[in-house]
Amino acid sequence: MAYEHASVPTDIFERRESRVRSYCRSFPCVFQSASGSHMVAEDGTRYLDFLSGCSTLNYGHNPAELKQALIEYISADGVAHGLDMHTRAKAHFLETFERRILKPRGMNYRTMFTGPTGANAVEAALKLARKVTGRTNVIAFTNGFHGMTLGALATTGNSGKRGGAGIPLSGVSHEAYDGYFGPDTDTADQLDQRLSDSSSGLDKPAAILVETVQGEGGLNVASNAWLRRIEQIARKHGALLIIDDIQAGIGRTGGFFSFERAGIQPDIVTLAKSLSGMGLPMALTLIRPEHDRWKPGEHNGTFRGNNHAFVTAAKALDLYWADDAFEKDVARKSGILRARLKKIADASPLANRIKGRGMMSGIEMESGEIAAEICAHCFDNGLIIETSGSDDEVVKVLAPLTIRDADLEAGLKILETAVRTVSARRSQSAA
């Protein structure tokens, strides 16, 4: 094909693409192929990918088995688009999801295929919670991120992203996440007290929406005890508990679901990103059966049934979740990652601490400017890595969960050099 051989004129992006684009500003090159943990630019430069499509590529780029399953399906004229009609691909995914994920964990959820993005899954969850409870208010948390469409954006904390709405964002109360006021303040008790006080001004919520690890909010981690208290508070006050597992799930922080270790049972769970296994758009809202009160067609969308994604998602579940071997290997790599990050952070006067959990970890720097400088140095030396946090102060590692040990070490070496170089440069400037 022509695009495989001809160079891409980069001015086309500047001339025709909206100014809203962002990642390409941090990684100014044209990529033409990707495999495993690497992306290749059209000039032949190979980059290690520690971004993984913001946790959309937990199994790496173009996993061979998933790619082959998709090729075979397309070659046989398998249904590509089917609205919410029954297809063999959908049936196979549902059966595999039930066998590999739900039944082994003793979970009973109905699956709702929303539009293809995580925000679509969140919008459906919020809408359903309000329908089930008859209430309008939703409790979300400081530094939370749940999407950019208006309902999801209302639950998002970041003022810069909220400002893009152009209208007031209502129906949501933002309460303090675990540790927001430091280790000596129990924010769950504060929430319970406010909900228990009829004069607090906090309306009874339809739902409490929470991430177990706040990906875009700076890798803040909720403790298992705090999550259990939030579940108890939701039950006590008649609210549904919604876990947003879009970035932290599918093995990224341990377990298929990030909340498994807390022992909680959410009423609704939202999934997307790595669910399809290889970056195909697919989102899912899991609903406890007693809350599945939709009327036919009451919530719908044209792209609810990405059958290509069903094929690769089912293959990924069979390949990686048939037993606990993959999960154990991810835990092992998580130990390597966090130990190396701690060593890097301890050696830099500009680093505050390591944050996150599992393969969703990073280093909090003193400022967003420093973090951006480190990421730019990494890219110049062959590593794609990005930031998160209120001020983009956290250098966040989202390497593929399937990354080889040698590639993980190589990427961390580039990061270590970048942190050391920027630290030395800043020290010299200060002197």
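Structure report, in brief. For clarity, every value in this text was computed on a predicted model and none was experimentally measured.

### So, the pattern of salt bridges
- Following the criterion strictly, the structure yields 31 salt bridges and no others.
- The partner of Glu298 in a salt bridge is Lys131, with the nearest N and O atoms 3.1 Å apart. Here the residue Glu298 occupies a position in the loop between strand E12 (284-287) and helix H11 (307-320), and Lys131 occupies one in helix H6 (residues 118-133), the gap between them amounting to 167 residues.
- Residue Asp267 pairs with Arg288 through a salt bridge whose shortest N-O separation is 3.8 Å. Here Asp267 is found in the loop between strand E10 (240-244) and strand E11 (268-271), whereas its partner Arg288 is found in the loop between E12 and H11, with 21 residues between them in sequence.
- The exposure class assigned to Asp267 is buried, which follows from its relative accessible area of 4%.

### What about the layout of surface pockets?
- The calculated volume of the largest pocket comes to roughly 1,200 Å³.
- What lines the largest pocket is a set of 46 residues, among which Tyr23, Phe145, Met148, Lys161 and Glu216 lie closest to the centre.
- Contributing elements (two or more residues each) for the lining of the largest pocket: helix H2 (23-26), H6, helix H8 (159-163) and strand E16 (386-388).
- Partitioned by chemical class, the residues of the lining of the largest pocket number 15 nonpolar, 23 polar and eight charged.

### Notes on the packing of aromatic side chains
- Under the counting rule described, the total for this entry stands at 19 aromatic pairs.
- Plain terms: the ring middles of Trp321 and Phe326 are 5.4 Å apart, the flat faces sit at 80° to each other, and that makes the pair edge-to-face.
- Overall, the relative accessible area of 5% leaves Trp321 in the buried class.
- Judged by its relative accessible area of 10%, Phe326 falls in the buried class.
- The structure contains a cluster of three or more aromatic residues connected by ring pairs, namely Tyr59, Phe93, Phe97, Phe113, Phe256, Phe257, Phe259, Phe310, Tyr320, Trp321 and Phe326.

### Topic: helix H12 (residues 325-346)
- With 22 residues, H12 should reach 32 Å at 1.5 Å per residue; the first-to-last C-alpha distance of 32 Å fits that figure.
- Along H12, the residues classified as buried are Phe326, Val330, Lys333, Ser334, Leu337, Arg340, Leu341, Ile344 and Ala345. Buried residues of H12, viewed axially, fall in a sector of 145°; they line one side. Residues of H12 that are exposed and angled more than 90 degrees away from the buried face: Lys328, Ala331, Lys343 and Asp346.

### Thoughts on the pairing of strand E2 (residues 38-41)
- Residues His38 and Val40 point to one face of E2 and Met39 and Ala41 to the other, with burial holding for every one of them.
- Pairing analysis gives four bridges linking strand E1 (residues 31-35) to E2, with the strands arranged antiparallel. Following the sheet pairing, Ser35 is matched in E2 by His38.
- Count of turn residues in the E1/E2 antiparallel hairpin: two residues, of which Gly36 carries a positive phi of about 60°.
- The pairing of E2 with strand E3 (residues 46-49) spans three bridges and is classified as antiparallel. Pairing of Met39 across the sheet is with Tyr47, part of E3.
- The hairpin formed by E2 and E3 contains four residues between the paired strands, and Gly44 there has a positive phi angle of roughly 95°.

### Focus: the environment of Thr270
- Considering the arrangement of structural elements, one finds Thr270 in strand E11.
- When the C-alpha atoms of Thr270 and Gly249 are compared, they prove to be 9.4 Å apart, with 21 residues separating the residues in sequence.
- Setting aside chain neighbours within four positions, we find Thr270 in contact with Ala121, Val122, Ala125, Ile242, Ile243, Asp244, Asp245, Ile246, Leu284 and Thr285.

### With respect to the pairing of E3
- Relative to strand E15 (residues 383-384), E3 runs parallel, the two sharing two bridges. Bridge pairing in E15 links Leu48 to Leu383.

### Quick notes on the side chain of Glu386
- Tracing the backbone through its elements, the reader meets Glu386 in strand E16.
- Lys396 provides the closest opposite charge to the buried, salt-bridge-free Glu386, at an N-O distance of 8.2 Å.
- At 3.1 Å, the side chain of Glu386 and the side chain of Ser26 are in polar contact.
- Beyond its immediate sequence surroundings of up to four residues, Glu386 is in contact with Tyr23, Ser26, Phe27, Leu51, Cys375, Val394, Val395 and Lys396.

### Regarding the nonpolar core
- By size, the foremost hydrophobic cluster in this structure holds 85 residues, and its most contacted members are Phe97 and Leu415.
- Once residues lying within four places of it in the same chain are set aside, the contact partners of Phe97 are Leu102, Thr111, Phe256, Phe257, Leu271, Leu284, Leu286 and Leu317.
- If you look at the next biggest cluster of nonpolar residues, it comprises 27 residues, including Ala121, Ala124, Ala154 and Val172.

### Regarding helix H10 (residues 224-236)
- When the terminal C-alpha atoms of H10 are compared, their 18 Å separation across 13 residues agrees well with the 18 Å that a helix rising 1.5 Å per residue should span.
- All of the buried residues in H10 are Trp226, Leu227, Ile230, Glu231, Ile233 and Ala234. Looking down the long axis of H10, one finds its buried residues gathered within 160° of arc, a one-sided arrangement.
- On its buried side, H10 packs onto strand E5 (138-141), helix H9 (187-196), strand E7 (207-210) and E10.

### As for the sheet that holds E3
- As summarised here, the arrangement of the four strands in space is E1-E2-E3-E15, forming an open sheet in which the pairing is mixed. Single-partner strands in this sheet number two, and they are E1 and E15.

### Quick look at the packing of H9 against H10
- Their axes nearest at 9 Å, the elements H9 and H10 cross at an angle of 10°. Accordingly, the angle class assigned to the pair H9 and H10 is roughly parallel. Of H10, the residues touching H9 (which contributes Thr187, Ala188, Asp189, Leu191, Asp192, Leu195 and Ser196) are Trp226, Arg229, Ile230, Ile233 and Lys236.
- Class assignment for the residues of the contact of H9 with H10 results in six nonpolar, two polar and four charged.

### Some thoughts on the sheet that holds strand E4 (residues 110-113)
- Taken in spatial order, the seven strands of this open sheet run E4-E12-E11-E10-E7-E5-E6, and their pairing is mixed. The open sheet has two edge strands, E4 and strand E6 (172-175), and neither has a second partner. Pairs of neighbouring strands in the sheet enclose a mean axial angle of 20°, with direction left out of account.
- Summarising the sheet, E11 and E12 pair through four bridges and their orientation is antiparallel. For Leu271, the partnering residue across the bridge sits in E12 and is Leu284.
- Lying on the sheet, helix H5 (residues 88-102) is in contact with E4, E11 and E12; it crosses E4 at an angle near 140°.

Conventions used here
- Going along each chain's sequence as written, the residues are numbered from 1 onward.
- Residue-level local features of this predicted model are given only where pLDDT is at least 70; pairs of side-chain atoms are given and counted only at 80 or more, and the full residue set underlies all totals for whole chains, interfaces and linings.
- Excluding hydrogens and water, the side-chain figures rest on all heavy atoms present in the structure.
- Only one rule defines a salt bridge in this text: a Lys or Arg side-chain nitrogen within 4 Å of an Asp or Glu carboxyl oxygen.
- Numbering of helices and strands starts at the N terminus; helices are DSSP runs of H or I of at least 4 residues and strands are runs of E of at least 2.
- For the exposure calls, accessible area comes from a 1.4 Å probe over protein chains only, and a residue counts as buried if that area is under 20% of its type's maximum, exposed if over 50%, partly exposed in between.
- Cavity and pocket criteria rest on a 1 Å grid covering protein atoms alone: a 1.4 Å probe that fits but cannot get out defines a cavity, protein on both sides within 12 Å along at least 5 of 7 lines defines an open pocket, and an atom within 4 Å of a point defines a lining residue.
- Grid points are joined across faces, edges and corners, and a volume is the space filled by probe spheres set on the points.
- Each residue gets one of three labels, nonpolar for Ala, Val, Leu, Ile, Met, Phe, Trp, Tyr, Cys and Pro, charged for Asp, Glu, Lys and Arg, and polar for the others, Gly among them.
- Between the rings of Phe, Tyr and Trp (Trp by its six-membered ring), a pair exists once the centres lie within 6.5 Å; its type follows the angle of the planes, with under 30 degrees stacked, over 60 edge-to-face, and the other angles tilted.
- How far a helix is expected to stretch is found by multiplying one less than its residue total by 1.5 Å.
- As used here, the arc belongs to the directions running from the helix axis to the C-beta atoms.
- In this description, strands pair whenever DSSP reports at least two bridges between them.
- Contacts are assigned to residue pairs that have any heavy atoms within 4.5 Å of one another.
- When charges are tallied, Lys and Arg are placed among the positive residues and Asp and Glu among the negative ones, while His and the ends of the chain are skipped.
- Distance and chemistry together define a polar contact, namely a pair of N or O atoms within 3.5 Å, with one atom able to donate a hydrogen and the other to accept it when in protein, and with adjacent residues in sequence counting only for side-chain atoms on both sides.
- Nonpolar cores are built from buried Ala, Val, Leu, Ile, Met, Phe, Trp, Tyr and Cys residues. Side-chain atoms within 4.5 Å join them into one set.
- All axes are obtained by fitting lines to C-alpha atoms, using only the stretch in contact for helices, and the reported angles, taken between N-to-C directions, cover 0 to 180 degrees.
- Angle categories are assigned with fixed cut-offs, so that under 35 degrees is roughly parallel, over 145 is roughly antiparallel, 65 to 115 is roughly perpendicular, and the rest are oblique.

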